[in-house]
Amino acid sequence: MDTDRTFYNEETKIWYGPNTEPKFGLDDSIGSVVMKFMLEYPDHIIQVCHQSGKQFTNKEMAEMSTRAAVQFRKLKMEQTDVVGICAGNSDYIAPIFYGVLFSGLCLSSSDPSFNVKGLKHVYSLTKPKIIFCDGEVYSKVRQALRDCELEETIIYTVRNHIDGVPSVMEFLDVSIGDEEYRISPLKHGGLQDAFYVCTSGTTDLPKVLRMSHYAILNRMQCNDRRKGQKLLVFSGVYWFLGIATLIEAVMNCETRFISEKPFSPEDFFEIVKLHKISVVASSPSHIPLCLACPSEMWLNSDLSGLRLLLTTGKTLPYSLFAKFQKYAPNCRFPVVYGMTELCGSVTRAFIDPSNSVGVLMSNNEMKILNENGEKLGPNETGEIYVRSKFTSSGYLCNPEAARRTFLQDGWIRTGDMGYFNDKGRLFIVDRRQDILKYNNFHFSPSAIEKVIYEIPEVAEVCVIGIPDVTFDFLPAAAVIKRYGDNITEAEICKYVTDRMQHFENLHGGVYFLESLPLTGSGKIIRKEVTEICMKLRSLNLTAIPNSQRDVQKLFTNLPQQRSLSVRSTQIR
């Protein structure tokens, strides 16, 4: 990483990384590569679950994964058929994951927090023949399948089993015989789909990306220095990070530690201390959550063994890492830039005070364009476009979205604004559109507005994101009520909660205004609405003075507003 550099062609105004030969060819499959590494180091412990205490060697994992592959064959599953997983991390997710890859099937993952509407959307596109889910989400998975007319789909529970529903243990209870299991060549070669992965959602519903064996294998990082390291990951297989660590842990001969529970600082400190974790792959929100903990928790922790802590999903400021490093003095913090459409990261570096996301990795090109589509040079900010040898194969059943993102000559439009400096280091400035993130999920303000507009008592609404160091942005609504109506903040919040995904809920609160700032053409000025809501949230007001003069004193940095009364509620 320290020797990487970005090259720049002044004539074409294109930045590019080193050009190297692919490590894996079109005849390779993820399943065959994973099996090879497992058999090469049979006694290596590949997985440990903190809560159950169970650990599996490569040999044991290969055997269980082979049982899964044999069972898929007994159920007459054929290559490219889809297997779904809607479950958190637990002991037997990994053998199902590897068994799917051994069989040449396609894995489709979905977030257990999705409601029926979200699951229905995913299943209507992916059409899984088998689904593995946790017992607590079984009812909504079954309902989503019924709504998609996929009632033939078999469901197995992974945890919290339900009477009358087959479990993962029953699925894995199959004889594999004495003959060595052989992984069949991929029916369509290395470009065959290995995964259907949901994006975090730039609209009200996520898009589904197709990822090939060839692209994924050549995105994976093989590093001999990682051998023997202990890797902690909270992400499940519904995040690309969870998928990547399942593959890279085998290839790098690491021990992957998992937690059956969602991330919490208490569990993080306990697992790192107890198991002497050396590498952590985490969400960006984990660091500020830890920094917000009481000092006593830090004093009882031991982060001295940490060597690497990688966060993906967004870039965090150097100041946060610096605060964290006081308690983890031996830790370094890799920073990367990429997107799911690119099957991973395209730049990398170690975080430094400049807050650069680093230089281009091999086999990747970038160009920066202005609003007129003209290429920009160093230190000029524009929209980032990427061309790579290894990308996703596009969106499943969504040609309109594909046309907007996957352009001619292999270029992919990222929607991010940024620039390269004179040394070829990339800096990310902002998103091009108004789409924001809450806890690593994208949310669309206009999609939330459409739902709130369904409420009869609402005359006008503007949804914005209140910046938050832990959760990125908190969805919040500035609402104008119809004259004489008395709808409450709680009623609006419940209406949204009942109809939308958890990351679209109004975590930032509801703020009642009598008017909204408008442009000359009548468009709402979202930036000014955001400033008003931030000011009210910081003051924690339930009402402000009614006089125009007093309102102006409160918002001295804003243009004149006609807001006469404001009430707010904050949902945590």
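Up top you'll find the structure we're talking about.
The model shown is predicted, which means the values in this text are computed figures rather than measured ones.

Rules used in this analysis
Residues numbered from 1 in each chain as written. Predicted model: local features only at pLDDT ≥ 70, side-chain atom pairs only at ≥ 80, totals over all residues. Heavy atoms only, no water. Helix = DSSP H or I, 4+ residues; strand = E, 2+ residues; numbered from the N terminus. Expected span 1.5 Å × (residues − 1). Buried < 20%, exposed > 50% of the residue type's maximum accessible area, 1.4 Å probe, protein only. Pairing = 2+ DSSP bridges. Right-handed = clockwise from strand over helix to strand, strands pointing away. Salt bridge = Lys/Arg side-chain N within 4 Å of Asp/Glu carboxyl O. Phe/Tyr/Trp six-rings, centres within 6.5 Å; stacked < 30°, edge-to-face > 60°. Lys NZ or Arg CZ within 6 Å of the ring centre and 35° of its normal. Axes fitted to C-alpha atoms, helices over the stretch in contact; angles between N-to-C directions. Parallel < 35°, antiparallel > 145°, perpendicular 65-115°, else oblique. Contact = heavy atoms within 4.5 Å. Core = buried A, V, L, I, M, F, W, Y, C linked by side-chain atoms within 4.5 Å. Disulfide = S-S within 2.5 Å. Lys, Arg positive; Asp, Glu negative; His and termini not counted. Polar contact = N/O pair within 3.5 Å; in protein donor to acceptor, adjacent residues only side chain to side chain.

1. Notes on helix α8 (residues 240-251)
Item 1. For α8, built from 12 residues, the straight-helix expectation of 16 Å at 1.5 Å per residue is met to within 8% by its first-to-last C-alpha distance of 17 Å.
Item 2. With 12 of its 12 residues buried, α8 lies for the most part within the structure.
Item 3. Within the sequence span of α8, burial applies to Phe240, Leu241, Gly242, Ile243, Ala244, Thr245, Leu246, Ile247, Glu248, Ala249, Val250 and Met251.
Item 4. Phi turns positive one or two residues past the end of α8, at Cys253, with a value near 55°.

2. Details of the pairing of strand β7 (residues 130-133)
Item 1. Here β7 shows two buried faces, one formed by Ile130 and Phe132 and the other by Ile131 and Cys133.
Item 2. Pairing geometry for strand β5 (residues 82-86) and β7, over four bridges, is parallel. Within β7, the residue paired with Val83 across the bridge is Ile130.
Item 3. Handedness of the β-α-β unit built from β7, helix α5 (residues 138-147) and strand β8 (residues 154-157) comes out right-handed.

3. Observations regarding the pattern of salt bridges
Item 1. Going through the model one piece at a time under the given rule, you end up with 12 salt bridges.
Item 2. Ionic pairing is found between Glu63 and Arg67, a salt bridge with its closest N-O pair at 3.0 Å. Within this pair, Glu63 and its partner Arg67 are both found in helix α2 (residues 58-74), separated by four residues, close to a single helical turn.
Item 3. A salt bridge links Glu449 to Arg526, with the shortest nitrogen-to-oxygen separation between them at 3.0 Å. You can see Glu449 sitting in helix α14 (residues 445-452) and its partner Arg526 sitting in helix α16 (residues 526-539), a full 77 residues away along the chain.

4. Side note on the packing of aromatic side chains
Item 1. One pass over the full model with this rule turns up 27 aromatic pairs.
Item 2. For the ring pair Phe132 and Phe171, a centre distance of 5.0 Å and an interplane angle of 85° mean the geometry is edge-to-face. One end of the pair, Phe132, is in strand β7; the other, Phe171, is in helix α6 (residues 168-172), with 39 residues separating them in the sequence. Judged on exposure class, the residue Phe132 and its partner Phe171 are both buried.
Item 3. With 4.5 Å between their ring centres and 5° between their planes, Phe441 and Phe503 make a pair best called stacked. Here Phe441 is found in strand β23 (residues 441-443), whereas its partner Phe503 is found in the loop between α15 (489-499) and β26 (509-512), with 62 residues between them in sequence.
Item 4. Overall, Phe441 belongs to the buried group, its relative accessible area being 7%.
Item 5. With a relative accessible area of 3%, Phe503 lands in the buried category.
Item 6. Members of the aromatic cluster, joined through ring pairs, are Phe234, Phe263, Phe268, Phe269, Trp298, Phe321, Phe324, Tyr327 and Phe333.
Item 7. The cationic tip of Arg332 hangs over the ring face of Phe350; the distance from NZ or CZ to the ring centre is 3.7 Å.
Item 8. The ring of Phe512 carries the charged tip of Lys481 above its face, separated from the ring centre by 4.8 Å.

5. Details of unusual backbone geometry
Item 1. Here Cys397, not a glycine, exhibits a phi torsion of approximately 55°, which is positive.
Item 2. The residue Cys397 is located in the loop between β19 (382-388) and α13 (399-405) in this model.
Item 3. Overall, Cys397 belongs to the exposed group, its relative accessible area being 58%.
Item 4. Positioned with a positive phi, Asp409 is a non-glycine residue whose angle comes to about 65°.

6. Thoughts on the packing of helix α1 (residues 30-40) against α8
Item 1. Where α1 meets α8, the axes come as close as 8 Å, and the angle between the chain directions of the two elements is 40°. What the angle tells us is that α1 and α8 run oblique. When α1 is examined against α8, the residues Ile30, Val34, Phe37 and Met38 are found in contact with a partner set consisting of Ile247, Val250 and Met251.

7. Observations regarding the nonpolar core
Item 1. Formed by 66 residues in total, the largest nonpolar core has its most connected members in Phe72, Phe97, Tyr98, Phe132 and Phe195.
Item 2. Grouped together as the second largest cluster of nonpolar side chains are 62 residues, Tyr196, Phe441, Ala477 and Cys533 included.

8. A word on the state of the cysteines
Item 1. Going through the model one piece at a time under the given rule, you end up with zero disulfides.
Item 2. Here Cys49 is not disulfide-linked; the sulfur of Cys133 is the nearest cysteine sulfur, at 18 Å.
Item 3. Overall, the relative accessible area of 1% leaves Cys49 in the buried class.
Item 4. Free of any disulfide, Cys133 has its nearest neighbouring cysteine sulfur in Cys86, separated by 6.4 Å.
Item 5. For Cys133, a relative accessible area of 0% corresponds to the buried category.

9. Let's talk about the side chain of Arg256
Item 1. Take Arg256: it is sitting in strand β12 (residues 255-258).
Item 2. One buried charged residue, Arg256, remains without a salt bridge, the closest side chain of opposite sign being Glu254 at 8.7 Å.
Item 3. Of note is the side chain of Arg256, whose polar atom sits 3.2 Å from the side chain of Gln47.
Item 4. For Arg256, the contacting residues outside a window of four places in its chain are Ile46, Gln47, Val48, Asn89, Leu231, Val233, Thr245, Leu246 and Ala249.

10. As for the sheet that holds β5
Item 1. Spatial strand order, β8-β7-β5-β6-β9-β10: six strands in an open sheet with mixed pairing. On the outer flanks of this sheet lie β8 and β10 (208-212), each paired with one strand and no other. Neighbour to neighbour, the strand axes of the sheet diverge by 20° on average, direction disregarded.
Item 2. As defined by bridge partners, β5 adjoins strand β6 (residues 106-109) across four bridges and the pair is classed as parallel. Residue pairing for β6: Val82 is matched across the bridge by Cys106.

11. Notes on the sheet that holds strand β16 (residues 344-350)
Item 1. With respect to topology, three strands assemble into an open sheet ordered β15-β16-β17, the strand pairing being antiparallel. Looking along the sheet, the strands with just one partner apiece sit at the ends: β15 (334-339) and β17 (359-360).
Item 2. Pairing of β16 with β17, which is carried by two bridges, proceeds in the antiparallel orientation. Among the inter-strand pairings, Arg348 is bridged to a residue of β17, identified as Val359.

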